[in-house]
Amino acid sequence: MKLTTKQLKGNSRFKKIWKYRWFYVMIIPVIILSLMFFYYPMLGIRFAFFEYTPFKGPNFKGFANFEELFSNHQFWIAFKNTIIISTTKLVLTTFVSVVVSLLLNEVANLAAKKFFQTLIYLPHFLSWVVVASIFSIILSPQHGFMNEVLIQIGIIDKPIYFMAESGWWRKVYYVVNIWKETGWGTIIFLATLTGIDPQLYEAAAIDGANRWAKMRFITLPSLSQTIIIVLILNLAKIMNLFESVFVLYSPKVYDVADVLQTYIYRQTLTTPLPNFGYTTAVGLFSSVIGCFMVLLCNHTSKRVRGRGIL
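Residues numbered from 1 in each chain as written. Predicted model: local features only at pLDDT ≥ 70, side-chain atom pairs only at ≥ 80, totals over all residues. Heavy atoms only, no water.

(A) Highlighting the pattern of salt bridges. One pass over the full model with this rule turns up 3 salt bridges. Of the charged contacts, one joins Lys 180 and Glu 181 as a salt bridge, the two residues approaching to 3.3 Å between their closest N and O atoms. (Salt bridge = Lys/Arg side-chain N within 4 Å of Asp/Glu carboxyl O.)

Structure follows, in structure tokens:
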């Protein structure tokens, strides 16, 4: 009996599956674990539409949690802080990483270059708790190093509580993030700089270009695509801000430091009678915004480099 084209394709697909059957068997545990730990917990999203407290079972409330959410002043402060802090941190960290990468790339001595690279990488491996402790000691109003120096040179006449004053908290936060993450951020940029063809610099030198001209017309254009890609990829994560804020802030700076993730934490774990439905609604809202940002970044990535990130 003569087989049709459709039957031949089906047999071919089955033979291919059978040929790689053990690869499919090996992926089964991964699929099961992904379903258990990534997708099954997502069923909890339904509680965003319920009133659910520790002493009261889930009662369906429809969109009441979202109405409460959108009318809550503290929620909008947290949302605004999330956008401002995440975006500013992303821009500052990327900018400083690029500058440091360019400076490191100009170091001719290989041993010195590796030493400085290692030195700036180290803070990335410290936990946020350790980092917060270090800066709390340095910036302490009670004999902290920074206050002592500023008082000694006459810039201030009384100590500043950097970590507990609204006017200072964000500045301190950005400095701490730059100190901790700049080294790690330079890895991608240094890899790009290493890949630039040396013949371009040699040709520029023959034409009489100095270091600044080489950097302006060769290095920065070669680095521009990487900078855009790093910005796009990190833009998708701006809603995921918790640990770095949580270990550095205090109730005195909630107006400028409280972000959505810390707001959810406080509403869930530090409130005498938490409504889990309400905090789930906040989390769902944050996830929707995050999903929108990912799709926006994917669209921007397609326009900039011709392919998406998804």
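(B) Local environment of helix H6 (residues 128–138). Every buried residue of H6 is accounted for by Trp 128, Val 131, Ala 132 and Phe 135. Take H6 and look down its axis: the buried residues cluster within an arc of 100°, on one side only. Across H6 from its buried face, at more than 90 degrees, point the exposed residues Val 129 and Ile 137. Each element contacted by the buried residues of H6 is listed here: helix H8 (166–194) and helix H11 (243–246). (Buried < 20%, exposed > 50% of the residue type's maximum accessible area, 1.4 Å probe, protein only. Helix = DSSP H or I, 4+ residues; strand = E, 2+ residues; numbered from the N terminus. Arc of directions from axis to C-beta. Contact = heavy atoms within 4.5 Å.)

(C) Seen up close, the packing of aromatic side chains. Tallied over the entire structure, the rule returns 29 aromatic pairs. An angle of 35° between the planes, with centres 4.9 Å apart, marks the rings of Phe 47 and Tyr 52 as tilted. Ring-pair connections join several aromatic residues into one group, and the members of that group are Phe 70, Phe 75, Trp 76, Phe 79, Tyr 263 and Phe 285. Looking at Arg 21, its charged tip hangs above the ring of Trp 18, at a distance of 4.2 Å from the centre. The ring of Trp 128 carries Lys 180 above its face, with NZ or CZ at 4.9 Å from the centroid. (Phe/Tyr/Trp six-rings, centres within 6.5 Å; stacked < 30°, edge-to-face > 60°. Lys NZ or Arg CZ within 6 Å of the ring centre and 35° of its normal.)

(D) Representation of the packing of helix H4 (residues 73–105) against helix H10 (residues 211–235) within the structure. Relative orientation of the contacting elements H4 and H10 amounts to 150°, with a least axis distance of 11 Å. Judged by the sense of rotation from one axis to the other, the crossing of H4 with H10 is right-handed. Here Leu 90, Thr 94, Val 98 and Leu 102 of H4 come into contact with H10, specifically with Met 215, Thr 219, Leu 220, Leu 223, Ile 227, Leu 231, Asn 234 and Leu 235. Here the residues of the contact of H4 with H10 sort into 9 nonpolar, 3 polar and no charged. (Axes fitted to C-alpha atoms, helices over the stretch in contact; angles between N-to-C directions. Left-handed = near helix turned anticlockwise from the far one by under 90°. Nonpolar A, V, L, I, M, F, W, Y, C, P; charged D, E, K, R; others polar.)

(E) How the structure looks around the side chain of Thr 219. As for its position among the elements, Thr 219 is in helix H10. Residue class for Thr 219 comes out buried when judged on its relative accessible area of 3%.

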